[in-house]
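Overview (structure and organization)
What follows is each chain in one-letter form.
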Amino acid sequence: MALDALHTAIMSQRVNWVLDADIRSFFDSVDHEWLLRMVAHRITDPRILRLIRLWLRAGVLESGEKQETDRGTPQGAGISPLLANIFLHYILDLWVHQWRRRHARGRVVTVRYTDDFVMGFENKADAQEMLLALKARLAGFGLTLHEYKTRLIEFGRFAAISRQRRCERRPETFAFLGFTHYCGRTRDGRFIVKHKTERKRLTRKLTALRQEA
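Residues numbered from 1 in each chain as written. Predicted model: local features only at pLDDT ≥ 70, side-chain atom pairs only at ≥ 80, totals over all residues. Heavy atoms only, no water.

1. A look at the overall build of the chain
As a reminder, the rule being used: Starting at the N terminus, helices and strands are each numbered in turn, a helix being any DSSP run of H or I of at least four residues and a strand any DSSP run of E of at least two. With a 1.4 Å probe rolled over the protein chains alone, any residue whose accessible area is under 20% of its type maximum counts as buried; one over 50% counts as exposed, and the rest are partly exposed. Only heavy atoms enter the contact rule, under which two residues are in contact if any of them lie within 4.5 Å.
A count of helices and strands for the chain gives eight helices and nine strands. A buried classification covers 37% of the 213 residues belonging to the chain. Once local pairs closer than 6 in sequence are excluded, the contacts in the chain between residues at least 24 apart make up 61%.

Now the structure itself:
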């Protein structure tokens, strides 16, 4: 569903820029007190809240010794993606909706799956302003964007044409949910968003299959 929403937005001719964002060490950086306050908006049972607090404070084992932690969600625990969705719903989803209504001059589309998200923009100025605002927003909750993995790229129906006019190479690609997404054409020349399995994931899978064989 997330991939379909992303492709539909880009195919609609109203997405010309894509912000490929990456939150640095998200699952290790979630602030417990902020998260518990957000969970308390939906749950009032003190027993459930206490249980979640105990999960968060379970700590980690390093070299056979237990280390206490006041940040992050339990690694490998089934509850971690659920808590991540609650956390990002409040600090990202709702905030982006408000920002779009107050500041955006063109279309803004966000597609998120747990801590992995991309944003599509009609106007470059909106994309640049959002990037600055997003950094400040995340910093308020102890999070940062990965400086090397976060990119603003020209992408969409007119990207190839405009880049060709500037004597630049074909539009850049971006990775999302294990796939590499790129601008393509159908056999009759119509624009289409194509995707293929991300190279690193494909390599790992082929290596595992060879070892199993």
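2. Some details on the sheet that holds strand β4 (residues 108-113)
Spelled out, the test is: Any two strands are treated as partners once DSSP identifies two or more bridges connecting them. Axis lines are fitted through C-alpha atoms, for helices just across the contact stretch, and the angle between N-to-C directions can take any value from 0 to 180 degrees.
Spatial ordering of the open sheet is given by β4-β5-β1-β6, a layout of four strands whose pairing is antiparallel. The open sheet terminates on both sides in strands that have one partner only, identified here as β4 and β6 (151-154). If you compare each strand with its neighbour and ignore which way they point, the axes differ by 20 degrees on average. Sheet analysis places strand β1 (residues 17-21) next to strand β5 (residues 116-121), joined by five bridges and oriented antiparallel.

3. Side note on the packing of helix α5 (residues 79-103) against helix α6 (residues 124-139)
Quick reminder of the rule: In these notes the angle categories are as follows: under 35 degrees is roughly parallel, over 145 is roughly antiparallel, 65 to 115 is roughly perpendicular, and the rest is oblique. The handedness criterion is simple: a crossing whose near helix is rotated anticlockwise from the far helix by less than a right angle is left-handed, and one whose near helix is rotated clockwise is right-handed. Nonpolar residues are Ala, Val, Leu, Ile, Met, Phe, Trp, Tyr, Cys and Pro. Charged residues are Asp, Glu, Lys and Arg, and all others, Gly as well, are polar.
At a closest axis distance of 11 Å, the pairing of α5 and α6 adopts a crossing angle of 140 degrees. When the axis of α5 is compared with that of α6, the two are oblique. Here α5 and α6 pass one another in a crossing that is right-handed. For the pair α5 and α6, the contacting residues are Tyr90, Ile91, Leu92, Trp95, Val96, Trp99 and His103 in the first and Asp126, Glu129, Met130, Ala133, Leu134, Arg137 and Leu138 in the second. Within the contact of α5 with α6, the residues separate by chemical class into 10 nonpolar, one polar and three charged.

4. Description of the sheet that holds strand β7 (residues 174-176)
Hydrogen bonds along the backbone pair up the strands of a sheet, which may run parallel or antiparallel. One open sheet holds the three strands; their spatial order is β7-β8-β9, and the pairing between them is antiparallel. One side of each edge strand has no neighbouring strand; the edge strands of this open sheet are β7 and β9 (191-197). For this sheet, the mean angle separating the axes of adjacent strands, direction not counted, is 40 degrees. Where strand β8 (residues 179-185) lies against β9, seven bridges are found, and the strand directions are antiparallel. Bridging from a neighbouring strand, Phe179 pairs with Thr197 of β9.

5. Quick notes on the pairing of β5
Taken across its six residues, β5 has five buried, putting it largely inside the fold. Bridging between β4 and β5 involves six bridges; their strand directions are antiparallel. Each bridged residue has a counterpart across the sheet, and for Val109 the counterpart in β5 is Gly120. Turn length for the β4-β5 hairpin, with the two strands adjacent in sequence and antiparallel, is two residues, and the turn residue Thr114 shows positive phi of about 55 degrees.

6. Quick look at a nonpolar patch on the surface
Operational definition: Two joining distances apply to patches: 9 Å for like charges and 5 Å for nonpolar side chains (Val, Leu, Ile, Met, Phe, Trp, Tyr), and every residue must have over 30% relative accessible area and no salt bridge. Areas reported as accessible are Shrake-Rupley estimates using a 1.4 Å probe. Residue values count occlusion only from the protein chains shown. Think of a salt bridge as a Lys or Arg side-chain nitrogen and an Asp or Glu carboxyl oxygen that are within 4 Å of each other.
Taken together, the side chains of Leu51, Leu54 and Trp55 define a hydrophobic patch exposed on the protein surface, amounting to about 280 Å² of accessible area. Counting through the fold element by element, Leu51 comes out in helix α4 (residues 46-56). In this structure Leu51 comes out as partly exposed when scored by relative accessible area, which is 37%.

7. Section: the packing of aromatic side chains
Test applied: Pairing of aromatic rings covers Phe, Tyr and Trp, the last through its six-membered ring, and needs centres within 6.5 Å; plane angles under 30 degrees mean stacked, over 60 mean edge-to-face, and all others mean tilted.
As enumerated under the stated definition, the model contains five aromatic pairs in all. Between Phe26 and Phe87, the aromatic rings sit 6.2 Å apart at their centres with planes inclined by 55 degrees, giving tilted as the arrangement. With Phe26 in helix α2 (residues 26-29) and Phe87 in helix α5, the pair connects residues that are 61 residues apart, well separated along the chain. The pair formed by Phe26 and Phe87 is uniform in burial state, with each residue classed as buried. Measuring from ring centre to ring centre gives 5.1 Å for Phe155 and Phe174, while their planes differ by 75 degrees; the resulting arrangement is edge-to-face. Note that Phe155 is positioned in the loop between β6 and α7 (159-165) and Phe174 in strand β7, a separation of 19 residues in sequence.

8. Let's talk about the side chain of Ser29
Selection criterion: Contacts described as polar in this section are N or O atom pairs within 3.5 Å, which, within protein, must combine one atom able to donate a hydrogen with one able to accept it, while residues neighboring in sequence count only if both atoms come from side chains.
By secondary structure assignment, the location of Ser29 is in helix α2. A distance of 2.7 Å separates a polar atom in the side chain of Ser29 from the backbone oxygen of Ser25. Filtering out sequence-adjacent residues up to four positions away, Ser29 remains in contact with Arg24, Arg71, Gly72, Gly142 and Leu143.

9. Thoughts on helix α3 (residues 32-39)
Using the following cut-off: Arc definition: it is the arc formed by the directions from the helix axis to the C-beta atoms.
Residues of α3 that are buried include every one of His32, Leu35, Leu36, Met38 and Val39, and no others. Along α3, the residues classed as buried sweep out an arc of 160 degrees about the axis, all on the same side. Measuring from the backbone nitrogen of Glu33 back to the side-chain oxygen at the start of α3 gives 3.1 Å, which picks out Asp31 as the cap.

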